[in-house]
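Structural description and commentary
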Amino acid sequence: MTDLATRVAPPRAPLLRRAVPALLGYAAVRALGLAVLAAWSAARGKSAYTLLTARWDSLWYSRVAELGYGYEVRLPNGDVHSNLAFFPLLPWLERLLHAVAPLSYADAGFVVSLLASLAAATGVYAVAEHVYGSRVGVCAVLLWAVLPVGVVQSMAYSESLFTALAAWSLYAVLTGRWVSAGVLAALAGLTRPVGAAVVAAVWVAAVVSFGRERGAEHAPGAHSHERTTAPTPGASPSSRAPSRTPDAPPASRITSAASDASAAGASSYAPGASSAAYAPVWRRALAMALAPLGAAGYVLWVGHRTGKGPLGYLDVQAGWRNGFDGGYAFARFVADKFTSFPSALAGLGLIAGVALLIWLYVTGIRRHQPVELLVYTGVVLALALCASSYFGSKPRLLLPAFPVLLPLACALARLRTPRSALVTAGLASAAAVYGAFWLNGSGPP
């Protein structure tokens, strides 16, 4: 009889093919949101396309794409809004697309955002599937799509582009593609200031892998064990099972465990089923060297351009009244809501929202999410919640923190398909209505 422990399962379909159900669901949610936005805007005599491509930050990005850096607005109160606050990757892509296609800069920004949102959805699926299985992967993508401010994913903003680069960098770390992870982290650093979260994830994952590798080498009996089950490139630093390269088929016991977890909507990470990676030391070191180049390069360039050295970018952000105060300004903003009864309800809602985010993050820790996801999510949450920036922008600043949705995705995956579809449809409808109301009102700054 064939030994079940050594039987090899058939190779799985390519990742993009496995992600098709998630992408179809994502496209349906986004199409619903855009349809409701178009109808709502038409009823108010506004252009939905203008709301998506030619307001707020979209105008700043398209101006950088067309005219470059150097534009600023001086406000009566003395604040200086400089376009140096906007990182360059999105404007570069807008300029490139404008040069090769008959599109305006605003049109190019919309196309980049559209394509980036699909890439981001695929990356979210890839990460969630790798950790919890395909069913949770689909649910994670749908939950990311139905966020109340999910309409930003269709705007000529940088959130979708950043999330795509961040998700694929994290997936590259999880699967041992260290050089790719470093390159993608560098590109994420050229997209938004929160690129520091991706850099931190790559660095911490690499350092942890060094520590685990060193510990394994000095463990009693390690040398004799290495002769039979030595890790190979593409194997997990935390794996206790025989290792494999990311593209090789796993042993059936691993495949069966992953399939069972996927079908049940597994709620905890199984390290033995991971293919995240030991790799040659130089690959991990190169990833650590590459990861910060994007963010550091732009910040240093801004400092040189302004003549204020390495801290010049902080002065640019201060002109927008952006900074990091540990959450003091946000706490005061919430406290001010309790000065009258109607606004007190909004204050309670804000407190409940922050409490939910913290609970979901702690749940991820308790369920042993991979360290790279925890580090990334923690930095994104800290920068979004503890910054003194305009408070209306905080919901969209949280969009890249997709791993925080994984506990909810696990719960949704455990439901029967008809019930999970009903829940998703209800959330998608609510998000579509809220997105249309939001963009036709104050909207994201």
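The sections below set out a description of the structure shown in this document. Starting from 1, residues in each chain are numbered consecutively following that chain's sequence as written. Residues qualify for local features only when their pLDDT is at least 70, as the model is predicted, and side-chain atom pairs are given and counted only at 80 or more; totals for whole chains, interfaces and linings, by contrast, use all residues. Side-chain metrics rest on all non-hydrogen atoms present in the structure, leaving aside hydrogens and water.

So, on to the overall build of the protein chain. Counting from the N terminus, the helices are DSSP H or I runs at least four residues long and the strands are E runs at least two residues long. Counting its regular elements, the protein chain contains 21 helices and two strands. Burial status across the protein chain gives 47% buried among its 445 residues. Throughout, a contact is declared for two residues whenever any of their heavy atoms are within 4.5 Å. Long-range pairs, those at least 24 residues apart, make up 76% of the contacts in the protein chain between residues at least 6 apart in sequence. Accessible surface, the protein chain: about 20400 Å² in total, of which carbon and sulfur atoms supply 67%. Partly exposed describes any residue whose relative accessible area lies between the buried limit of under 20% and the exposed limit of over 50%, with all areas from a 1.4 Å probe on protein chains only and scaled to the type maximum. Note on areas: Shrake-Rupley with a 1.4 Å probe; residue coverage comes only from the protein chains shown.

Just to be clear on terms, a salt bridge is a Lys or Arg side-chain nitrogen sitting within 4 Å of an Asp or Glu carboxyl oxygen. Overall, the coordinates contain seven salt bridges when judged by the stated rule. The shortest N-O distance in the salt bridge between Arg18 and Glu129 comes to 2.6 Å. On the criterion of sequence distance, the pair formed by Arg18 in helix 1 (residues 15–18) and Glu129 in helix 6 (residues 105–132) is long-range, its members being 111 residues apart. For Arg18, a relative accessible area of 18% puts it in the buried group. The salt bridge involving Asp79 is made with Arg321; its shortest N-O contact spans 2.7 Å. Taken together, the residues span a long stretch of sequence, with Asp79 in the loop between strand 1 (72–74) and strand 2 (80–82) and Arg321 in the loop between helix 15 (312–319) and helix 16 (328–336) at a distance of 242 residues. Accessibility expressed as a relative area gives 12% for Asp79, which makes it buried. Taking the relative accessible area as the measure of exposure, Arg321 reaches 52% and is therefore exposed. One network of salt bridges, with partners in common, ties together Asp57, Glu159, Arg192 and Arg396.

This part is about the state of the cysteines. Put simply, a disulfide is two cysteine sulfurs that come within 2.5 Å. For the structure on display, the rule yields zero disulfides. With no disulfide of its own, Cys139 has Cys410 as its nearest cysteine by sulfur position, at a separation of 8.8 Å.

Axes here mean lines fitted to C-alpha atoms, for a helix over just the part in contact, with angles spanning 0 to 180 degrees between N-to-C directions. Running from N to C, helix 17 (residues 341–366) and helix 18 (residues 371–385) point in directions that differ by 165 degrees, and their axes come no closer than 11 Å. Comparing the axis directions of helix 17 and helix 18 gives the class roughly antiparallel. Handedness of the crossing formed by helix 17 with helix 18: left-handed. Residue-level inspection shows Val354, Leu357, Tyr361, Gly364 and Ile365 of helix 17 in contact with helix 18, the latter providing Leu374, Thr377, Gly378, Leu381 and Leu385. When residues are grouped by polarity, Ala, Val, Leu, Ile, Met, Phe, Trp, Tyr, Cys and Pro land in nonpolar, Asp, Glu, Lys and Arg in charged, and all others, Gly among them, in polar. Tallied by class, residues from the contact of helix 17 with helix 18 come to seven nonpolar, three polar and no charged. Note on terminology: angles under 35 degrees are roughly parallel, angles over 145 are roughly antiparallel, angles of 65 to 115 are roughly perpendicular, and the others are oblique. Rotating anticlockwise by less than a right angle from the far helix to the near helix defines a left-handed crossing, while the corresponding clockwise rotation defines a right-handed one.

By secondary structure assignment, the location of Arg30 is in helix 2 (residues 20–43). Under the convention used here, Asp and Glu are negative, Lys and Arg are positive, and both His and the chain ends fall outside the count. Among buried Asp, Glu, Lys and Arg side chains, Arg30 stands out as unpaired, with Glu159 the closest opposite charge at 12 Å. By the criterion applied in these results, polar contacts are pairs of N or O atoms within 3.5 Å in which, for protein atoms, one can donate a hydrogen and the other can accept it, and in which residues neighboring in sequence qualify only through two side-chain atoms. Within the structure, the side chain of Arg30 is placed 3.2 Å from the backbone oxygen of Ala145, a separation counted as a polar contact. Contacts of Arg30, omitting those with residues within four sequence positions, involve Ala145, Gly150, Val151, Gln153 and Ser154.

By convention a nonpolar core is built from buried Ala, Val, Leu, Ile, Met, Phe, Trp, Tyr and Cys residues, the set being connected through side-chain atoms within 4.5 Å. Counting residues in each nonpolar core, the largest one holds 107 residues, and the members touching the most others are Leu37, Tyr298, Tyr376, Phe402 and Leu439. Per element, the largest residue contribution to this core is 13 residues, and it comes from helix 6. Once you skip the residues sitting within four places of it in the chain, Phe402 turns out to touch Val124, Val127, Trp144, Thr163, Ala167, Leu170 and Tyr376.

A few words on the packing of helix 2 against helix 7 (residues 134–145). Running from N to C, helix 2 and helix 7 cross one another at 15 degrees; their axes reach a closest spacing of 9 Å. If you check the angle between helix 2 and helix 7, you find them roughly parallel. In this structure, helix 2 meets helix 7 at a crossing whose hand is right-handed. Between helix 2 and helix 7, the contacting residues are Pro21, Ala22, Gly25, Tyr26, Val29 and Arg30 on the first element and Val138, Val141, Leu142, Trp144 and Ala145 on the second. Partitioning the contact of helix 2 with helix 7 into residue classes produces nine nonpolar, one polar and one charged.

Quick look at a nonpolar patch on the surface now. Any residue with relative accessible area above 30% and no salt bridge may belong to a patch, with like charges joined within 9 Å and the nonpolar Val, Leu, Ile, Met, Phe, Trp and Tyr side chains within 5 Å. Residues Phe338, Phe341, Leu345, Leu348 and Ile351 make up a contiguous nonpolar surface patch of about 540 Å² in total accessible area. Relative to the assigned elements, Phe341 resides in helix 17.

What follows covers the packing of aromatic side chains. Here the aromatic set is Phe, Tyr and Trp, taking the six-membered ring for Trp, and pairing holds for ring centres within 6.5 Å; pairs whose planes are under 30 degrees apart are stacked, those over 60 apart are edge-to-face, and all others are tilted. Inspection of every chain in the model, using the stated rule, returns 17 aromatic pairs. For the pair Trp60 and Tyr71, a centre-to-centre distance of 5.6 Å together with 55 degrees between the ring planes defines the contact as tilted. With Trp60 in helix 4 (residues 57–67) and Tyr71 in the loop between helix 4 and strand 1, this residue pair connects regions lying 11 residues apart in the sequence. Residue classification places Trp60 among the buried residues on the basis of a relative accessible area of 14%. We classify Tyr71 as partly exposed; its relative accessible area is 32%. Residues Trp60 and Trp320 carry aromatic rings whose centres are separated by 5.0 Å and whose planes lie at 70 degrees to one another, so their mutual orientation is edge-to-face.

The next subject is the side chain of Gln153. Of note, Gln153 is situated in the loop between helix 7 and helix 8 (159–174). Owing to a relative accessible area of 1%, Gln153 belongs among the buried residues under this scheme. Contacts of Gln153, omitting those with residues within four sequence positions, involve Tyr26, Arg30, Ser113, Ser117, Trp144, Ala145, Ser160 and Leu399.

This part takes up helix 5 (residues 89–100). Given a rise of 1.5 Å per residue, 12 residues ought to cover 16 Å, and the 17 Å separating the end C-alpha atoms of helix 5 matches this to within 8%. In this structure, the buried residues of helix 5 make contact with helix 4, helix 6, helix 8 and helix 9 (178–189). In this analysis, the expected span of each helix is defined as 1.5 Å times one less than the number of residues it contains.

With respect to the helices and strands, Ala335 occurs in helix 16. With 12 residues separating them along the chain, Ala335 and Gly347 place their C-alpha atoms 7.1 Å apart.

All right, on to helix 21 (residues 417–439) then. In this model helix 21 runs 32 Å from its N-terminal to its C-terminal C-alpha over 23 residues, within 8% of the 33 Å that 1.5 Å per residue would give. Looking only at helix 21, the buried set comprises Ser420, Thr424, Ala428, Ala431, Ala432, Gly435, Ala436, Trp438 and Leu439. Summarising the contacts, the buried residues of helix 21 are in contact with helix 2, helix 3 (48–53), helix 7 and helix 20 (406–414).

Read these as spatial facts, not as claims about activity.
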